[in-house]
Amino acid sequence: MAEPHLIPLDALRSAMRLVVQGFGSSPDEVVAVADNLIDANLTGHDSHGIGMLPRYAQAYREGCLKPNAHVRVLLDAGALLRLDGDAGFGQVIGREAIALGIDRARQHGSAIVALGNSHHLGRIGAWAEQAADAGLVSLHFVNVIARPIVAPFGGAKAGFGTNPFTAGVPLRGRDPLILDFATSMIAQGKTRVAFNKGEPVPDGCLLDDHGRPTTDPRWSVVEPWGAILTFGAHKGYGMAVLSELLGGALAAGRVGHLDDGKRQRVLNGMLSVLIDPAALGGCEAFESEALAFVDSLHAAPTREGVERVLIAGDPERTHRAQRTAQGVPVDLTTWQQILQAAASLGVEPRLVDAAAGLA
C-alpha cells in the first residue's frame, strides 16, 4: 500500500480553505467548515474530516446543501429552543445552535435545544467541547437522514444511521471529558477510509448484502449494500433507537429509515441538553469530586501491555498533539477524491496541490 501524504497543518488549512471557497461560502464560513473538518482529522477521526468534502460537493451540486445558511429559531420558550438548520453547513449550524444553548443555559441554569434540518454536523464532540469550554455539561442525541447503513439487532438489513451520542463534562483546570461515539460498531466514514486504503475492517462490524459477516468495507461504500452492526449488540441498538427518537422524531420531526440513498446529502437532527453546574448549587463539590474521581482512574494500576488508564477525550488529545507537530496523514485515494471534488466546484486541483505542498 502506498504511503499517505503527510501534510503540515498550516498547509492543509490553506488547501482545504481553497476547496471550500468553491461552494461560494463567505470567508467566515470557509474558515468554519475547513477548520472543523481538519480538526476531526487532528483528533484521529479521519472519518469525519476532510474526506467528507467529496460528498459535500455532490450534495451541493444536487441542491441539497446550502452555503451561507444560518440557524433559524422556530420556537423560543426561554430554556427550550426549536431550531432549523436550513440544510446549511453543519459546521456553521452546529456552532450557532450550541452558542444559543449556552446563552440560554447561562440565563436559566439549563437549556434544551432541538435542532433539525442541518447538513452533516461533523464530529459531534466538537459541540460538546464548545459547551464544556463555556463551563457547561452537555448531552447530545443525533440522528441521520441519509441511506440507512446500520442493521437493527438481529436484523440482516440496514434500518437507520450511525446515530451518535455525545456528552461533555468540564473539569476545573483540566481538559474536559468528551464522550463521543457512533452507536454502530464502526462509523460509516471509517469504512470509507478503510476502503480507500484497501484495508479490511475488524471482525464483527459488517454484514454483506445477504446478511453474512464480512470484513470487506465495500459493503457500506459501494452497491450492493450490506449493513454495519451496532456496538454491544442490543445495548448499542437501544442507544441507536433512542438517538433516532430523540434527535430525529422529537428534535427534527423526521427520521431516516425511508431515505432511498439516491442523494448524497447527510442531514442531521440533534437534541442537546445543556446544564450549568453553578446553577445547581454546590458547584465546588461537583468540581472537587469530579477531579478526585478522574484522578483515581488515571492512578489505577494497568494491565499488561497498557501504558496508562485513559478517560474519554484523552486519545483525541494525544492524536491532536502528534498530528499538529508531525502533519496530517491523508491516503492517496482520499486526496484524489478531494481534488476531483475541487474541480467540480471550479477550483483548480493544481492550486490545491500547491497549497498543500504536494505540487
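This report concerns the structure included in the present document. (Residues numbered from 1 in each chain as written. Predicted model: local features only at pLDDT ≥ 70, side-chain atom pairs only at ≥ 80, totals over all residues. Heavy atoms only, no water.)

### Let's talk about the overall build of the chain
(1) Moving on: A count of helices and strands for the chain gives eleven helices and twelve strands.
(2) Moving on: Computed over C-alpha atoms, the radius of gyration of the chain comes to 20 Å, within 12% of the 21 Å expected from 2.2 N^0.38 for 359 residues, which places it in the range of a compact globule.
(3) Moving on: Overall, the C-alpha framework of the chain stretches about 55 × 50 × 45 Å when taken along its three principal axes.
(4) Moving on: For the chain, buried positions account for 50% of its 359 residues.
(5) Moving on: Restricting to contacts in the chain with at least 6 residues of sequence separation, those with at least 24 account for 68%.
(6) Moving on: Roughly 15,800 Å² of accessible area belongs to the chain as shown, and the carbon and sulfur atoms make up 55% of that amount.
(7) Moving on: For the chain, the centre of its 31 positive side-chain charges and the centre of its 38 negative side-chain charges are spaced 4 Å apart. (Helix = DSSP H or I, 4+ residues; strand = E, 2+ residues; numbered from the N terminus. Rg over C-alpha atoms; globule rule 2.2 N^0.38 Å. Buried < 20%, exposed > 50% of the residue type's maximum accessible area, 1.4 Å probe, protein only. Contact = heavy atoms within 4.5 Å. Areas by Shrake-Rupley, 256 points an atom, 1.4 Å probe, with all protein chains shown as cover. Lys, Arg positive; Asp, Glu negative; His and termini not counted. Charge placed at Lys NZ, Arg CZ, Asp CG, Glu CD.)

### A look at the sheet that holds strand 10 (residues 227–228)
(1) Moving on: Strands sit in the order 9-8-10 across an open sheet of three strands; the sheet is antiparallel. Edge positions in the sheet fall to strand 9 (213–214) and strand 10, since each of these pairs with one other strand and no more.
(2) Moving on: The pairing of strand 8 (residues 206–207) with strand 10 spans two bridges and is antiparallel. Residue pairing across strands places Leu207 opposite Ala227, the latter belonging to strand 10. (Pairing = 2+ DSSP bridges.)

### What to know about the sheet that holds strand 3 (residues 80–84)
(1) Moving on: The sheet built from seven strands is open, its strands ordered 2-3-4-11-5-6-7 with mixed pairing. Each end of this open sheet is capped by a strand with a single partner; those strands are strand 2 (72–76) and strand 7 (177–181). Pairs of neighbouring strands in the sheet enclose a mean axial angle of 15°, with direction left out of account.
(2) Moving on: Of the strand pairs in this sheet, strand 2 and strand 3 are connected by four bridges, and their pairing is antiparallel. When the bridges of strand 3 are listed, Asp76 appears paired with Leu81.
(3) Moving on: Against the sheet, helix 4 (residues 90–108) contacts strand 2, strand 3, strand 4 (110–119), strand 5 (137–145) and strand 11 (267–275), and its axis sits at roughly 165° relative to strand 4.
(4) Moving on: Against the sheet, helix 7 (residues 234–250) engages strand 3, strand 4, strand 5, strand 6 (165–169), strand 7 and strand 11, with an angle of about 85° to strand 5. (Axes fitted to C-alpha atoms, helices over the stretch in contact; angles between N-to-C directions.)

### A short note on the packing of helix 4 against helix 5 (residues 125–133)
Any two packed helices are characterised by how steeply their axes cross, that is the angle between the axes, and by the distance between the axes.
(1) Moving on: One can describe the packing of helix 4 onto helix 5 by two numbers: an axis separation of 10 Å at closest approach and a directional angle of 30°. Looking at the two axes, helix 4 sits roughly parallel to helix 5. Of the two elements, helix 4 crosses helix 5, and the hand of that crossing is right-handed. Every residue of helix 5 that contacts helix 4 at Gly90, Gln91, Gly94, Arg95, Ile98, Ala99 and Ile102 is listed here: Trp127, Gln130 and Ala131. (Parallel < 35°, antiparallel > 145°, perpendicular 65-115°, else oblique. Left-handed = near helix turned anticlockwise from the far one by under 90°.)

### Some remarks on helix 6 (residues 188–197)
(1) Moving on: Extensive coverage of helix 6 is indicated by the burial of seven of its ten residues.
(2) Moving on: Among the residues making up helix 6, those that are buried are Gln188, Gly189, Thr191, Arg192, Val193, Ala194 and Asn196.
(3) Moving on: Buried residues along helix 6 sit in contact with helix 3 (53–61), strand 8, strand 10 and helix 10 (332–344).

### Things to note about the environment of Ser220
(1) Moving on: Assignment of secondary structure puts Ser220 in the loop between strand 9 and strand 10.
(2) Moving on: Taking the C-alpha atoms as reference points, Ser220 and Val150, separated by 70 residues in sequence, lie 9.2 Å from one another.
(3) Moving on: Beyond its immediate chain neighbours, meaning those up to four positions away, Ser220 contacts Arg147, Gln188, Thr191, Leu206, Trp225 and Ile228.

### Side note on the side chain of Glu244
(1) Moving on: As for its position among the elements, Glu244 is in helix 7.
(2) Moving on: For the buried Glu244, no salt bridge is present, and the opposite-charge side chain at shortest range is Arg254, 9.0 Å distant.
(3) Moving on: Those residues in contact with Glu244, other than ones at most four positions away along the chain, are Asn143, Phe160, Gly161, Asn163, Ala249, Val255 and Gly256. (Salt bridge = Lys/Arg side-chain N within 4 Å of Asp/Glu carboxyl O.)

### Some thoughts on the packing of aromatic side chains
(1) Moving on: Scanning the model with the defined rule gives seven aromatic pairs in all.
(2) Moving on: Ring geometry for Phe181 against Phe231: centres 5.4 Å apart, planes inclined by 80°, an arrangement best described as edge-to-face. Taken together, the residues span a long stretch of sequence, with Phe181 in strand 7 and Phe231 in the loop between strand 10 and helix 7 at a distance of 50 residues.
(3) Moving on: Look at Phe181 and you get partly exposed, because its relative accessible area is 25%.
(4) Moving on: Through pairs of rings, three or more aromatic residues link up here, namely Phe23, Tyr56, Tyr60 and Phe89.
(5) Moving on: Seen from the ring of Trp225, Arg147 lies directly overhead, with NZ or CZ sitting 3.5 Å from the centre.
(6) Moving on: Above the face of the Trp219 ring, Arg218 is positioned so that its terminal group lies 4.2 Å from the ring centre. (Phe/Tyr/Trp six-rings, centres within 6.5 Å; stacked < 30°, edge-to-face > 60°. Lys NZ or Arg CZ within 6 Å of the ring centre and 35° of its normal.)

### Considerations on the environment of Ala354
(1) Moving on: Take Ala354: it is sitting in helix 11 (residues 349–355).
(2) Moving on: Among the residues examined, Ala354 registers a relative accessible area of 43% and is labelled partly exposed.
(3) Moving on: For the pair formed by Ala354 and His70, sequence separation is 284 residues and the distance between their alpha carbons is 32 Å.

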